[in-house]
Amino acid sequence: MSTLTMTDLTKLLRACAGDAEHADLDGDVLDETFADLGYDSLALLELSGQIKQRYGVALPDDAARVTATPRQFLALVNSLS
Amino acid sequence: MNRAVITGLGVAAPNGLGVDAYWSATLAGVSGIGRITRFDPSGYPAVLAGEVPGFDPAAHLGPRLLPQTDHMTRLALVASDAALADAAVVPQRLHEYAMGVVTASSSGGFEFGQRELEKLWSGGPQQVSAYQSYAWFYAVNTGQISIRHGMRGPSGVVVADQAGGLEAVAHARRRIRRNTRLVLTGGVDGSICPWGWVAQLAGGRLSGRDDPGTAYLPFDARACGHVPGEGGAILVAEDLDCARERGARQVYAEIAGYASTFDPAPATGRGPALRRAVQLALADAGLRPADIDVVFADAAGVPALDRSEADAISAVFGPGAVPVTAPKTMTGRLYSGGAPLCP
């Protein structure tokens, strides 16, 4: 697959877990933590499911724990694809 | 002993969203029963329901909640917001462990669950939302209300039908007597979706009539079952002294008496236990039948059950001695949401 970008990630997050309530995902949030953006581990589990379905990339079960920010999450997905 | 009182009301009813709309409709006799719009009921033997009008979840709830909540949970959250606002309670000002949540539920989030089951059948387990893990669950309203308002004190859910809403309120009183300061309680139910509908049809008590005016006629010779509805009420229950101390703007009622009984097994030949439940509740409140101004009936809409209820009321109060009402004829039966709403 092509590289997953922040734009792709933002779209997926909004679709599967809802828009961030206290931050603008279109702003500079690459290094904000998911927790600060209002996404809990279940939201990231949902996101992982979407990544698997749409891109065929299977993330490890502890992906939510080891990727604290969108930058880290993107790096993990792109390293596995 | 602490006295448990009701200081806030939040309503989501088929004949009115919000206390004012519901109360005006009730006084005017305006019904919220109509042909189902949440799905196409053509081809089903029952086509009427009470649906909450004009509900726009996105206008009330943040975007993070929408992908993880069933319709009935959204109604419950909005009712809980309204109840706290009505009571002028700001949860952030109270200790998080001094506040609990006790709701009732008869079926959980069936509409959400049906959608995810469809994904499971058509696309496999990978397609199922992680939020299915709790969005369908009986306890989900208690959990989501607790999270939303930061209430971490004693909480729970009563899984039951019509009596469930009463049991939840009774349990709220129990918690308040054990020194929980405030309990959000009540019930909001609803499963007007094909899956929920066939489950209700299987019970054999849904009215098959398609005229909203005559489909649900409890205590009537033409009674032929009931019309289901969605919604209910969330109430703020508080310790009376705590309510006074914070200067609560109103005390609507006290949870004065309560009792529950089980009917004997059908083969025993012994009669129903409803009369005893009424008598025990009166005794619990320290009241006599003559002290009661009005009875809100269960009003099953099934002749034998209506007869049984009428017999119990007559036996306790005397024939024709107390006014009996059933405003749920204007909302449909809301299962665990019914009792907290009416009265």
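Whatever comes next refers back to the structure up there.
Residues numbered from 1 in each chain as written. Chains lettered and ligands numbered in written order. Predicted model: local features only at pLDDT ≥ 70, side-chain atom pairs only at ≥ 80, totals over all residues. Heavy atoms only, no water.

A. Layout of the packing of helix H4 (residues 110-123) of chain B against helix H8 (residues 194-202) of chain B. Residues and elements named next belong to chain B. Look at H4 against H8: their axes get within 7 Å of each other, and the N-to-C directions meet at 115°. Classed by the angle they form, the pair H4 and H8 counts as roughly perpendicular. Along its contact with H4, which presents Phe110, Gly113, Gln114 and Leu117, the element H8 presents Pro194, Trp195, Gly196 and Ala199. A per-class count over the contact of H4 with H8 returns five nonpolar, three polar and no charged. (Axes fitted to C-alpha atoms, helices over the stretch in contact; angles between N-to-C directions. Helix = DSSP H or I, 4+ residues; strand = E, 2+ residues; numbered from the N terminus. Parallel < 35°, antiparallel > 145°, perpendicular 65-115°, else oblique. Contact = heavy atoms within 4.5 Å. Nonpolar A, V, L, I, M, F, W, Y, C, P; charged D, E, K, R; others polar.)

B. Here's a closer look at the side chain of Thr7 of chain B. Position of Thr7 of chain B among the secondary structure elements: in strand S1 (residues 4-13). Dropping the residues within four chain positions of it, Thr7 of chain B is found in contact with Asp86, Ala87, Val236, Glu238, Ala243, Arg246, Ala248, Gln250, Val251 and Tyr252 of chain B.

C. Geometry of the pairing of S1 of chain B. All names here are of chain B. Taking burial as the measure, the ten residues of S1 include nine buried ones, the bulk of the element. The pairing of S1 with strand S8 (residues 231-239) spans eight bridges and is antiparallel. What sits directly across from Val5, in S8, is Glu238. Where S1 meets strand S9 (residues 253-254), two bridges bridge the pair, whose relative direction is antiparallel. Bridged to Val5 within S9 is Glu254. Where S1 meets strand S2 (residues 16-17), two bridges bridge the pair, whose relative direction is antiparallel. (Buried < 20%, exposed > 50% of the residue type's maximum accessible area, 1.4 Å probe, protein only. Pairing = 2+ DSSP bridges.)

D. A look at the side chain of Gln68 of chain B. Residues and elements named next belong to chain B. Positionally, Gln68 belongs in the loop between helix H2 (57-60) and helix H3 (71-87). Look at Gln68 and you get buried, because its relative accessible area is 8%. Among the polar contacts listed, one links the side chain of Gln68 to the side chain of Tyr134, at a separation of 2.7 Å. Residues contacting Gln68, with those up to four places away along its chain left out, are Phe112, Tyr131, Tyr134, Ala135 and Gln144. (Polar contact = N/O pair within 3.5 Å; in protein donor to acceptor, adjacent residues only side chain to side chain.)

E. View of the nonpolar core. All names here are of chain A. Within the largest apolar cluster, 29 residues are counted, with the highest numbers of intra-cluster contacts made by Tyr39, Leu47, Ile51, Leu59 and Phe73. Mapped onto this core, the elements with two or more residues apiece are helix H1 (6-17), helix H2 (34-37), helix H3 (41-55) and helix H5 (70-80). Among residues more than four places away in sequence, those in contact with Leu59 are Ser48, Ile51, Phe73, Leu76, Val77 and Leu80. (Core = buried A, V, L, I, M, F, W, Y, C linked by side-chain atoms within 4.5 Å.)

F. Summary view of empty space enclosed by the protein. Residues and elements named next belong to chain B. A full pass over the atoms with the stated rule returns one cavity of 30 Å³ or more. The volume enclosed by the largest cavity comes to roughly 40 Å³. If you go around the largest cavity, the residues you meet are Arg38, Asp70, His71, Met72, Glu111, Gly190, Ser191, Ile192, Cys193 and Glu230. Split into classes, the residues belonging to the lining of the largest cavity amount to three nonpolar, three polar and four charged. (1 Å grid on protein atoms, 1.4 Å probe; cavity = no way out; pocket = protein on both sides within 12 Å on 5 of 7 lines; lining within 4 Å. Points joined across faces, edges and corners; volume = space filled by probe spheres on them.)

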